[in-house]
Amino acid sequence: MPSTTAITVSQLSRLIGLPGAPAIIDVRIEEDYNADPRLLPASSRRDFKTVSTWASEFAGSRVAVVCQRGQKLSQGVAAWLRHEGISAESLEGGFEAWRDAKGLLVHAGKIPPRDEKGRTVWVTRTRPKVDRIACPWLIRRFIDPSAVFLFVEAAEVSATADRFQAVPFDIDNVFWTHRGERCTFDTMIEEFGLESEALDRLAVIVRAADTASLDLVPQAAGFLAASLGLSRMFRDDLEQLEAGMLLYDAFFRWCRDATEETHNWPSASKPS
């Protein structure tokens, strides 16, 4: 009989990268984590021993709890969260089951340090078009859902990064930027270890639109048009980012689930 308090690897994998994905909490002990310091996408590390002190942070959220094998630690933490009125499930089989099923994993060592509120902070140039929307989308959906993005004048990115302990991206001479013909979105997918056919397919569309190589894939021209249209609709870069999240969500779902689907208007019935 299926468990009523656990979520399976296949069920959780279908939710990863989507706006309705549960908050994922990794409660592995240090020994297990250090043996394989990778994380499920968009997950956060928490100490199971102090669950009573941080449980309230997840009020109103759906939560999936991960330990090494899906046993006492994740089940206990999920039970405690449910006691606090939070919808929580443990991952069946835990981290080991996810890893063995080739589930998407993030290289935790590449995630920047977090601020006092547990958020990563990033900074880039104002007036984003493609790459500077694509990268925040990737970070929020697969790395840090609470990430902060600062948009400043190009000449001030480096100084702002220094003053506010933010990570600069998509500018010259920084780690998170273009490499050869590949754009910053490609760099982030590679460095975070996000091995996903759907993300690779989306990366080609982003790269084609961002570098004016519209002959790479047929979706590039429409994607660029939508991106430029969004940039004209919003004066505030953060408002544009929030609107752009839906565009990337839609293209990710197409890349993952709908590339073979076509749509044609039904032809008129032939006269008898």
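Residues numbered from 1 in each chain as written. Predicted model: local features only at pLDDT ≥ 70, side-chain atom pairs only at ≥ 80, totals over all residues. Heavy atoms only, no water.

You'll find the chain entered in an unreviewed UniProt entry as Chromate resistance protein, with Mesorhizobium onobrychidis given as the organism.

### With respect to the UniProt feature "domain: Rhodanese" (unreviewed entry) in the chain
Going by this rule: UniProt positions are given in the numbering used here, feature names are shortened, and annotations may be inferred rather than shown by experiment. Each helix corresponds to a stretch of at least 4 residues labelled H or I by DSSP, and each strand to a stretch of at least 2 residues labelled E; elements are numbered beginning at the N terminus.
According to UniProt, the positions carrying the feature "domain: Rhodanese" (unreviewed entry) are residues 18-107. Helix makes up 32% of residues 18-107 and strand 23%, with an end-to-end C-alpha separation of 20 Å.

### Details of the sheet that holds strand S8 (residues 121-125)
Under the convention used in this document: Strands are treated as partners if at least two bridges between them are detected by DSSP. Here, residues are in contact when the closest pair of their heavy atoms is within 4.5 Å. Inter-axis angles, ranging from 0 to 180 degrees, are taken between N-to-C directions of lines fitted to C-alpha atoms, where helices are fitted over the stretch in contact.
Strand order in the open sheet formed by 3 strands is S9-S8-S10, with parallel pairing between adjacent strands. Each end of this open sheet is capped by a strand with a single partner; those strands are strand S9 (148-152) and strand S10 (167-168). Pairing of S8 with S10, which is carried by 2 bridges, proceeds in the parallel orientation. Bridging from a neighbouring strand, Val 123 pairs with Pro 168 of S10. Along the sheet, helix H6 (residues 131-142) makes contact with S8 and S9, crossing S9 at roughly 165°.

### Observations concerning the pairing of S8
The condition that has to hold: Only protein chains enter the accessibility calculation, which uses a 1.4 Å probe; a residue whose area is less than 20% of its type maximum is buried, one above 50% is exposed, and one in between is partly exposed. The handedness of a crossover follows from its direction of travel: if, with the strands pointing away from the viewer, the path from the first strand over the helix to the second runs clockwise, the crossover is right-handed.
Of all 5 residues in S8, 4 are buried; the element is thus mostly enclosed. Two strands pair when backbone bridges link them, and S8 and S9 are joined in this way by 5 bridges, in the parallel orientation. The residue of S9 that forms the bridge with Val 123 is Leu 150. Once the chain exits S8 it traverses H6 before rejoining the sheet at S9, and the crossover so formed is right-handed.

### Points about the environment of Gln 75
Tracing the sequence through the fold places Gln 75 in helix H4 (residues 72-83). Gln 75 gets classed as partly exposed once you look at its relative accessible area, which sits at 44%. Along the backbone, Gln 75 and Phe 185 are 110 residues apart, and their C-alpha atoms lie at a distance of 36 Å. Setting aside residues no more than four positions away along its own chain, Gln 75 makes contact with Gly 70 and Ser 90.

### Considerations on the nonpolar core
Put simply, the rule is: Residue types Ala, Val, Leu, Ile, Met, Phe, Trp, Tyr and Cys, when buried and joined through side-chain atoms within 4.5 Å, form a set referred to as a nonpolar core.
With 61 residues, the main nonpolar core has Trp 122, Trp 137, Phe 142, Phe 185 and Leu 194 as its most contacted residues. The dominant element in this core, judged by the number of residues it contributes, is helix H9 (residues 197-210), at 8 residues. Apart from the residues lying within four places of it in its own chain, the contact partners of Phe 185 are Asp 131, Ala 134, Cys 135, Trp 137, Leu 138, Leu 199, Leu 202, Ala 203 and Val 206. The next biggest cluster of nonpolar side chains, apart from the first, holds 15 residues, and it includes Ile 25, Ala 55, Val 77 and Leu 81.

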